[in-house]
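Each chain, letter by letter, is given below.
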Amino acid sequence: MKKNTIILLGVIFGVIIILIAGGGAIYKNMKTGKSVASMLKHIKVTEADPVKASISLDDSSLYDELPEITKYPLSVDANADVVLEVMTSPEKAGESYESWLIDVAKNFNNERKTTSGGKTIGIQVRSVTSGLAADYIISNKHTPQMFTPSNYLWGEYVNANGGNITVKKERLVGNTAGLLIDKNSQYKTYDDIINAVQSGQINIGYTNPQTSSTGMNLLLSILHSGDAENLFSDAGIQNFTKFQQNIPFVAYNTMQMRDSAQKGTLDGMILEYQTYINEPNVNKIYDFIPFGVRHDNPLYVVNQDYLSADEIDGINQFADYCLNPASQEIATKYGFNANDDYKTDMAFSGSEVNKALEMYKANKDNGKDIIAVFVADCSGSMYGDPIMQLKQSLSNGMQYIKENNYVGLVSYSDDVTIEVPIAKFDMNQKAYFQGGINRLTANGSTASYDAVVVAMNMIEEAKKDHPDAKAMIFLLSDGYQNVGYSLNTLKPALKESTLPVYTISYTSDADKDAMRELSEVNEAATINADSEDIVYKIKSLFNSQM
């Protein structure tokens, strides 16, 4: 009996050991997830026969793809004899603390102001990012009577590119751009932070200077630090490239940067003070170091020579109204008009802004190869307009992908098809890429994450020949995965790979949360767009990243 008890206890002890070991293995598997190689074994992958197609060599511009202005509805409408529109950067015409210009315009309209001739004046407000608003004005696709970007650099940019705007007020509300740095950091000045980035001591992120006022400001400031007399001397450009080679993250826009700031995953980043002070999750983590030119939100008159005397009268009255004590009190409440003691001697012309953006495009990757795989959703939910827009945006966006990049194309529905293997994006590869685009059709289920796994494997193989290449994935989808691997299964391997996955939603009812969650794994941008503006947004994304 004693012997049996010992045997039984031994068995129980053995079972416990097995359960502990097994539980540890299960926990480890949950923690580390599956590898790309192990997941790939369970995915049906077909390699299509590459087919060439003719490609367009026309030199169309982003202006050609600008969406109709109705895509950006009015934040304030007006009914008056003289109706004036002001196009403004979003921090002045959004919700909560970003609604200053909305409040001011509504107050102005409620007072029923009149011109000297007795006509009523009404103000309309339209929120559009400064860079996009500049494109509308330059192209004459939509020209408001007034334009107020975040800083004067966009005004210089507009006039340098054929627009016609005139300064009415150099400042509506005060603001500054700033470097945000972890409160525990030893680096507390602009120069110290930039030097620390250049020497690889800290990691910061910044916003794309082609779309962001703060990003453009930082680009010009870094060039100025390298050579104040000649921004584009070897010293100026080397100062930028040395900085850029240690940057892990360039946000597509300020919203993406703000979301990253709230997570506290970087040592530092850039943001405007008015946003910084209003976001507790940001200002508790980071200190704010002002830099560059001020963001004083100037007011411009657009095409002044073509405006009537009543319109000029209305503009003058509204400009003065924005600066009255009551309007400025609202601005201060919302976080503007702080840091007024910050001054700078820096100033930049429109030609310098243009040249800086050209330099950024040419040097942002520091001579590194770029490997990108485009992953196209061809499931049944993409049938009709979404798949047509996907194909059009890929075809039209090709001109913004430089020939020294390495590009591949994957499609998916129930299974995954490698339409075009990764190769240098020369004329030959472009013809194959267009051929792959042409045969995309929508049907079947949606194995989104299976397709991402295949793209990851393609990039792993390509990096064997290009180990220093910068790699990325673009997922073009409506986001509704319903077969294959889940996002939770994919996440660990994706995080370990450090591959950014840029996601582009093609329908207004897309699963945007899933798309955003996928992009946020490795700090990439997510674009929520519909058929009205997706082509423009994709071309902008390619222009900045490729």
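This is a predicted model, so every value here is computed, not measured. (Residues numbered from 1 in each chain as written. Predicted model: local features only at pLDDT ≥ 70, side-chain atom pairs only at ≥ 80, totals over all residues. Heavy atoms only, no water.)

Observations regarding the side chain of Ser185
For the record, the criterion: The helix count covers DSSP runs of H or I at least four residues long, the strand count covers runs of E at least two residues long, and both are numbered beginning at the N terminus. Using a 1.4 Å probe on the protein chains alone, a residue whose accessible area is under 20% of its type maximum counts as buried, one over 50% counts as exposed, and one in between counts as partly exposed. In the analysis that follows, any N or O atom pair within 3.5 Å is treated as a polar contact, provided that within protein one partner can donate a hydrogen and the other can accept it, and provided that, for residues neighboring in sequence, both atoms belong to side chains.
Along the polypeptide, Ser185 turns up in the loop between strand S7 (176-182) and helix H6 (190-198). With relative accessibility at 14%, the residue Ser185 sits in the buried group. At a separation of 3.0 Å, a polar atom in the side chain of Ser185 contacts the main-chain amide nitrogen of Tyr187.

Topic: helix H4 (residues 130-139)
Where burial is concerned, most of H4 is hidden: nine out of the 10 residues are buried. Taken together, the buried positions of H4 are occupied by Ser130, Gly131, Leu132, Ala133, Ala134, Asp135, Tyr136, Ile137 and Ile138.

Things to note about the nonpolar core
So the rule is basically this: Residues grouped as a nonpolar core are buried Ala, Val, Leu, Ile, Met, Phe, Trp, Tyr and Cys residues, joined through side-chain atoms within 4.5 Å.
One finds Phe147, Leu179, Tyr206, Leu218 and Phe243 to be the most contacted residues of the largest nonpolar core, which totals 54 residues. Of all hydrophobic cores here, the second largest spans 36 residues; its members include Ile459, Leu475, Met515 and Leu518.

A word on the sheet that holds strand S14 (residues 406-412)
To keep things clear, this is the line we draw: Any two strands are treated as partners once DSSP identifies two or more bridges connecting them. Note on geometry: axes are C-alpha line fits, over the in-contact stretch for helices, and angles between N-to-C directions span 0 to 180 degrees. Residues are treated as being in contact if the distance between any of their heavy atoms lies within 4.5 Å.
With mixed pairing, seven strands are arranged side by side in an open sheet as S1-S15-S14-S13-S16-S17-S18. Every other strand in the sheet has two partners, leaving strand S1 (45-47) and strand S18 (526-528) as the edge strands with one partner each. Going across the sheet, the axis of each strand differs from the next one's by a mean of 20°, ignoring polarity. Inspection of the sheet shows strand S13 (residues 370-377) paired to strand S16 (residues 470-477) by seven bridges, in the parallel sense. Across the sheet, residue Val373 finds its bridge partner in S16, namely Ile473. Lying over the sheet, helix H19 (residues 512-520) contacts S16, strand S17 (501-505) and S18, oriented at roughly 165° with respect to S17.

A word on the packing of helix H7 (residues 213-226) against helix H14 (residues 350-363)
As a reminder of what qualifies: When an angle is under 35 degrees it counts as roughly parallel; over 145 it counts as roughly antiparallel; between 65 and 115 it counts as roughly perpendicular; any other value is oblique. Each residue is assigned to one of three groups, with Ala, Val, Leu, Ile, Met, Phe, Trp, Tyr, Cys and Pro labelled nonpolar, Asp, Glu, Lys and Arg labelled charged, and all others, Gly among them, labelled polar.
At their nearest, the axes of H7 and H14 sit 10 Å apart, and the two run at 90° to each other. With respect to their mutual orientation, H7 and H14 come out roughly perpendicular. Residues Met216, Leu219, Leu220 and Leu223 of H7 form the contact with H14, whose participating residues are Glu352, Val353, Ala356, Leu357, Met359 and Tyr360. Taken together, the residues that form the contact of H7 with H14 break down as nine nonpolar, no polar and one charged.

Description of the packing of helix H18 (residues 487-497) against H19
What counts is decided by this rule: In this scheme, a crossing is called left-handed if the near helix is turned counterclockwise away from the far one by less than a right angle; it is called right-handed if the turn is clockwise.
Running from N to C, H18 and H19 point in directions that differ by 20°, and their axes come no closer than 10 Å. Considering their axes alone, H18 and H19 lie roughly parallel with respect to each other. Like other packed secondary-structure pairs, H18 and H19 cross with a definite hand, here right-handed. Contact residues: H18 offers Leu487, Leu490, Lys491 and Leu494, while H19 offers Ala514, Glu517 and Leu518.

Some thoughts on the environment of Gly380
Tracing the backbone shows Gly380 in the loop between S13 and helix H15 (385-397). We classify Gly380 as partly exposed; its relative accessible area is 32%. A sequence separation of 34 residues divides Gly380 from Asp414, and the C-alpha atoms of the two residues are 9.8 Å apart.

Details of the sheet that holds strand S3 (residues 82-88)
Taken together, the six strands give an open sheet; going across it, the order is S2-S4-S3-S5-S12-S6, and neighbouring strands pair in mixed fashion. Unpaired on one side and paired on the other, strand S2 (74-76) and strand S6 (165-169) mark the two borders of the sheet. Going across the sheet, the axis of each strand differs from the next one's by a mean of 35°, ignoring polarity. Pairing of S3 with strand S5 (residues 146-148), which is carried by three bridges, proceeds in the parallel orientation. Paired with Thr88 across the strands is Thr148, a residue of S5. Here H4 sits on the sheet in contact with S3, S5, S6 and strand S12 (299-302), set at roughly 155° to S5.

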